[in-house]
Amino acid sequence: VTQQRMRWGAFLDAHTGTVHRETRRKMKPLVRMGVPPELRHRVWRLTSGSYAKERRAGVTYDELLTRYRGVKSPFDDQIGKDLTRTLPSHPRYQTD
């Protein structure tokens, strides 16, 4: 498992952009070995294109959260209703 983490870590450090054919070719044997749970978010970001999109946007998700903390969206009420309907057994959305 440690070797697997090291190989994935080196791969992810070298690839933080768009997944091209060569990147997919190199990633295939790693995926077959399995993705260590602690690195899955980084693999998701790479394969989904979010690293590249973040660079194009010029702002990180954490920066957006900080910038808009406390700002009310016109969609907040609807999202709240949808969460309680969609995830009724989740402890965060249960009411007493």
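Structure first, text after, so check above.
Residues numbered from 1 in each chain as written. Predicted model: local features only at pLDDT ≥ 70, side-chain atom pairs only at ≥ 80, totals over all residues. Heavy atoms only, no water.

Together, Leu64, Tyr68 and Val71 line one region of the surface with nonpolar side chains, adding up to about 280 Å² of accessible area. Position of Leu64 among the secondary structure elements: in helix H5 (residues 61-68). Overall, Leu64 belongs to the partly exposed group, its relative accessible area being 32%. (Patch = residues over 30% accessible without salt bridge, like charges linked within 9 Å, V, L, I, M, F, W, Y side chains within 5 Å. Areas by Shrake-Rupley, 256 points an atom, 1.4 Å probe, with all protein chains shown as cover. Salt bridge = Lys/Arg side-chain N within 4 Å of Asp/Glu carboxyl O. Helix = DSSP H or I, 4+ residues; strand = E, 2+ residues; numbered from the N terminus. Buried < 20%, exposed > 50% of the residue type's maximum accessible area, 1.4 Å probe, protein only.)

What follows covers helix H1 (residues 2-14). The terminal C-alpha atoms of H1 lie 18 Å apart, and with 13 residues this matches the ideal 18 Å at 1.5 Å per residue to within 8%. Burial in H1 covers these residues: Gln4, Trp8, Gly9, Phe11 and Leu12. In an axial view of H1, the angular spread of the buried residues amounts to 165°, which keeps them on one side of the axis. Opposite the buried face of H1, at more than 90 degrees from it, the exposed residues are Thr2, Gln3, Met6, Asp13 and Ala14. Of the surrounding secondary structure, the elements contacted by the buried residues of H1 are helix H2 (21-33) and helix H3 (40-48). (Expected span 1.5 Å × (residues − 1). Arc of directions from axis to C-beta. Contact = heavy atoms within 4.5 Å.)

Within the element layout of this structure, Leu83 appears in helix H6 (residues 76-86). Since its relative accessible area comes to 29%, Leu83 is described here as partly exposed. Separated by 37 residues in sequence, Leu83 and Leu46 have C-alpha atoms that sit 28 Å apart. Beyond its immediate sequence surroundings of up to four residues, Leu83 is in contact with Pro88 and Tyr93.

Moving on, we get to the nonpolar core. Counting residues in hydrophobic clusters, the biggest one holds 11 residues: Trp8, Phe11, Leu12, Val19, Met27, Leu30, Val35, Leu39, Val43, Leu46 and Tyr51. Of all elements in the fold, only H1, H2 and H3 reach the threshold of two or more residues within this core. The dominant element in this core, judged by the number of residues it contributes, is H1, at 3 residues. Excluding its chain neighbours within four sequence positions, the residues that come into contact with Leu30 are Arg7, Trp8 and Phe11. (Core = buried A, V, L, I, M, F, W, Y, C linked by side-chain atoms within 4.5 Å.)

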